[in-house]
Amino acid sequence: MSNLDRQATPTVCGGRGFVVAEPVRELLSPRRVPLGESTEVRRLLPNLGRRMVGAWAFVDHYGPDDIADEPGMQVPPHPHMGLQTVSWLHEGEVLHRDSTGALATIRPRELGLMTSGRAISHSEESPRPHARFLHGAQLWVALPAEHRHIEPHFQHHTDLPRVTAPGLTATVVLGSLDGATSPGPTYTPLVGADLALAHGTEARLPLDPDFEYAVLAMSGEAHVDGVPVLPGSMLYLGCGRTELPLRAESDAGLMLLGGEPFEEEIIMFWNWIGRTQEDIAQAREDWMHGTRFGEVKGYDGTPLPAPELPATPLKARGRVR
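Every chain begins its residue count from 1, and numbering advances along the sequence as written. In keeping with the model being predicted, local features are shown solely for residues with a pLDDT of at least 70 and side-chain atom pairs are shown and tallied solely at 80 or more, while totals for entire chains, interfaces and linings include all residues. As a rule here, side-chain values come from all non-hydrogen atoms in the structure, and water together with hydrogens is ignored.

J.: Provide a residue-level description of the overall build of the protein, including the pertinent values.
T.: Counting from the N terminus, the helices are DSSP H or I runs at least four residues long and the strands are E runs at least two residues long. Counting its secondary structure elements, the protein contains one helix and 26 strands. Each of the three principal axes of the protein carries a C-alpha extent, and together these read 55 × 45 × 30 Å. Each residue is assigned to one of three classes by its accessible area relative to the maximum for its type, calculated with a 1.4 Å probe on protein chains only: buried under 20%, partly exposed between the two thresholds, exposed over 50%. Counting all 321 residues of the protein, 58% fall into the buried class. In this description, contact between two residues means that some pair of their heavy atoms is separated by no more than 4.5 Å. Sequence separation of 24 or more characterises 74% of the internal contacts of the protein that already satisfy a separation of 6 or more. Per-residue and other accessible areas were derived by the Shrake-Rupley procedure at a 1.4 Å probe size, with only the shown protein chains allowed to occlude residues. Per element, the accessible surface of the protein, about 12,600 Å² overall, is 48% carbon and sulfur. We treat Lys and Arg as the positive residues and Asp and Glu as the negative residues; His and chain ends play no part in the count. For this purpose, a charge sits on NZ of Lys, CZ of Arg, CG of Asp or CD of Glu. With 28 positive and 41 negative side-chain charges, the protein shows a spacing of 4 Å between the two charge centroids.

J.: Lay out the packing of aromatic side chains in plain terms, naming residues and giving numbers.
T.: Planes of paired rings set the category: under 30 degrees apart is stacked, over 60 is edge-to-face and the rest tilted, where pairs are Phe, Tyr or Trp rings (Trp by its six-membered ring) whose centres lie within 6.5 Å. According to the stated counting rule, one finds five aromatic pairs in the structure shown. With a centroid separation of 6.0 Å and 40° between ring planes, the pair formed by Phe211 and Tyr213 is classed as tilted. The exposure classification of Phe211 matches that of Tyr213, with both residues buried. An aromatic cluster is built from Trp270, Trp272, Trp287 and Phe293, whose rings are joined through pairwise contacts. Over the ring of Tyr236 we find Arg50; its NZ or CZ atom is 3.9 Å from the centre of that ring. Either the NZ atom of lysine or the CZ atom of arginine qualifies as a charge over a ring when it sits within 6 Å of the ring centre and within 35 degrees of the ring normal.

J.: Now, about the sheet that holds strand 12 (residues 133-142): what can you tell me, with residues and values included?
T.: The rule for pairing is simple: two strands pair if DSSP sees at least two bridges between them. The strand order across the open sheet formed by seven strands is 3-4-5-12-7-10-13, and the pairing between neighbours is antiparallel. Since the sheet does not close on itself, it has two edges, and those belong to strand 3 (31-35) and strand 13 (153-157), each with one partner. Going across the sheet, the axis of each strand differs from the next one's by a mean of 20°, ignoring polarity. Sheet topology places strand 3 next to strand 4 (residues 39-45); five bridges connect them, and they run antiparallel. Bridge pairing links Arg31 to Arg43 in strand 4. To get an axis, fit a line to the C-alpha atoms, keeping to the stretch in contact for a helix; angles then go from 0 to 180 degrees between the N-to-C directions.

J.: Talk me through helix 1 (residues 277-289); I want residue IDs and the actual numbers.
T.: Each residue after the first adds 1.5 Å to the expected span of a helix. Look at helix 1: 18 Å from first C-alpha to last across 13 residues, which is about the 18 Å you get at 1.5 Å a residue. Looking at the buried side of helix 1, the elements it contacts are strand 6 (74-80), strand 11 (120-125), strand 25 (265-269) and strand 26 (272-274).

J.: Before we move on, could you go through the pattern of salt bridges and cite the residues and values that matter?
T.: A carboxyl oxygen of Asp or Glu within 4 Å of a side-chain nitrogen of Lys or Arg is what we treat as a salt bridge. This model, assessed by the stated rule, comprises 15 salt bridges. One salt bridge connects Arg118 with Glu151, and the closest N-O pair in it is separated by 3.0 Å. Highlighted residues: Arg118 in the loop between strand 10 (111-115) and strand 11 and Glu151 in the loop between strand 12 and strand 13, separated in sequence by 33 residues. Of the residues examined, Arg118 reaches a relative accessible area of 33% and is grouped as partly exposed. What emerges from the salt-bridge pattern is a single network uniting Arg25, Asp225 and Arg241.

J.: Any details on the UniProt feature "domain: Pirin N-terminal" (unreviewed entry) in the protein? Residues and values, ideally.
T.: Residues annotated in UniProt with the feature "domain: Pirin N-terminal" (unreviewed entry) correspond here to residues 41-141. Annotation note: span residues 41-141, helix share 0%, strand share 60%, distance between end C-alpha atoms 18 Å. UniProt positions are given in the numbering used here, feature names are shortened, and annotations may be inferred rather than shown by experiment.

Okay, structure coming up:
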């Protein structure tokens, strides 16, 4: 998914300087951002209070939206570099096309994982016809320096491992949780898991104390380590935890995101992650005038133009709050 903000601003992320090295309970509120013709997303990362969670650098939550008489998601071809995109649905479908030739319809609790590496472009749209409701999350994972120039590729996994306990089903989206490992490739130690809790469930989820974590609320009402977390908000949890208490006040859906704090300093501008001003400027030049990002074939529409670079120089500064 693209960042469609025409007033894009650089985000400086990474580095361990502001990692919370102990358990905390920091509730993050979203910023509402229009996406395409009929979709509005709630942006949780980057956030004024928190820029990254492990290598997770971007989190949008959208829906549930009634799109029965609407075009639904319509995101024209746009570029990415230096990151992985994770498409995750609870309701609806998204048709993915990209410049490697990949074409896939992603459905609820299937993993659409695009590794941009050095350069890729893609489009995302609700199929025609499409389901009435659209509800999901779009997430980015920053690639470390040694992997950020790899060849781009896309994977679609329809059967993911699950961890179960009374009243709890955890689908492992990326990384590993309680001995279950996703088939999606990762390039830093991290985890992403979808948690479905039945009303009244109380459970304790095992965690890695070396990871920092956050929980995104997708639906229902749950208490995470005693904190009520409502849909469209995210609770940052810090590091140093070996388990996470959960209690469902209704049927609830959550996403657990975690990983080792990302050491590198990065610049995130529009749909690119780089390390220097030159990285970003070259990406913009190549998207607007070159062939580096390839062509998305089959999309009925024109690619998105890139926003202008800011007048002030871009600089990677590390993790800031």
